[in-house]
Every structure is written in C-alpha cells, then in structure tokens.
Amino acid sequence: FTGSFALLLASLVLFILSVVGIGLMISAVSMTQQQAILGAFAIGVPAVLMSGFATPVENMPLVLQWLAQAIPLTHFLIIVEGSFLKAMPPGDILASLWPLAVIALVGLLMSHKLAVDFYIVAGHDWSRLVGLVPVALLVLVAPWLGRRRRVALSAVPFLAALFCIATIRPID
C-alpha cells in the first residue's frame, strides 16, 4: 500500500453512501422484496460491467463512457488502484472523489424524496422506520471499533431481522 489511508477511508465512506443511495432508490420504487432484488440485480450487474472492472472505460463507446461516470464503482476503482499501486497524489484522488460525493448526495436525496412520496401516498407510519437507526449507526461506527468490528458487524443481520419482524403488521 503506497497511498494515503485517510483519503482511501474517506473515499470508501463516500462509495458506501453512494451505493446505499442507489439501493434505497431501488427499494423506494419497489412494492415487494422480489421487485427490489430483481431491480438491484438489473442495476448492479450492468453497473459492474460498465465500471471499468472488466474492461477499461476508455475502450467503450462514448455514450457508455458518459453513463459510466454515473456509476460509483467507476470512480472508486480509480481511487483504489491509484492508492494501492501508484501512490496517486491527493489532487488526483480528490478529482475522483467529488463525483462520488455528488452521486451519494443525489442518490440519498432522491431516495428520501421517493420514500417520502411513497409513505405519504400510502399513508404509512414513519415510526416504523425508527428501527433502522441502530442498524445504520452500527454500520457507520463499525470501522472505528478495532477488533470488535467483526462482532459488531455480525449484529447487523440480527438487528435488520428484528426490524423486519417489528414492522410486520396484519393485513387489514
């Protein structure tokens, strides 16, 4: 490892936030779990293929190169490769970091808007979403927990399952 660990950590946080924003958008427009899974698969597989993971973005047609700029993995791969292999200067990392910040901001704001529209239209109770707070906090705090990180992250599926069970309501 030859790059800046702090910049790599910041880019990892922005990458996670941008991917979570995209996932929440898919979840907000899906009516069932199966739709969400298929939507994530339909978005995720082409995104990985177009991100530059398998083939360089520069070798793609111009339209696909433009689309690849909206994929968080495209920018994160540049940062990871530059940090691990090339000791990329901070200016070059920041040039790939700001698109991640924009994608994260847009994704999270759009998912919030879609979720608010869905919950208002459907008349759902916002108090059901409070159960997600411990899961989100645990995921955000886990990188700073040191050796206890694995134990903390293993609690995420358990907390998510408890949240799902707590929000089940009988059909009227």
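Structure's up top.
Residues numbered from 1 in each chain as written. Predicted model: local features only at pLDDT ≥ 70, side-chain atom pairs only at ≥ 80, totals over all residues. Heavy atoms only, no water.

The next thing to look at is the environment of Gly 107. Position of Gly 107 among the secondary structure elements: in helix 5 (residues 90-122). Take Gly 107: its relative accessible area is 3%, and that puts it in the buried class. The spacing of Gly 107 and Ser 18 is 89 residues in sequence and 6.3 Å in space, taken between C-alpha atoms. Sequence-distant contacts of Gly 107, defined by excluding residues within four places in its chain, comprise Gly 21 and Met 25. (Helix = DSSP H or I, 4+ residues; strand = E, 2+ residues; numbered from the N terminus. Buried < 20%, exposed > 50% of the residue type's maximum accessible area, 1.4 Å probe, protein only. Contact = heavy atoms within 4.5 Å.)

This part is about the side chain of Ser 11. Structurally, Ser 11 can be placed in helix 1 (residues 5-29). By relative accessible area, Ser 11 is classed as buried at 0%. Discounting chain neighbours no more than four positions away, the residues touching Ser 11 are Phe 76, Ile 79, Leu 97 and Leu 100.

All right, on to the nonpolar core then. Counting residues in each nonpolar core, the largest one holds 13 residues, and the members touching the most others are Phe 15, Ile 71, Ile 79, Ile 93 and Leu 100. Looking at this core, the elements with two or more residues in it are helix 1, helix 2 (33-50), helix 4 (72-86) and helix 5. Excluding residues that lie within four positions of it along the chain, Leu 100 makes contacts with Ser 11, Leu 14, Phe 15, Ser 18, Pro 72, His 75, Phe 76 and Ile 79. (Core = buried A, V, L, I, M, F, W, Y, C linked by side-chain atoms within 4.5 Å.)

Remember that the coordinates give geometry; whether it matters functionally is a separate question.
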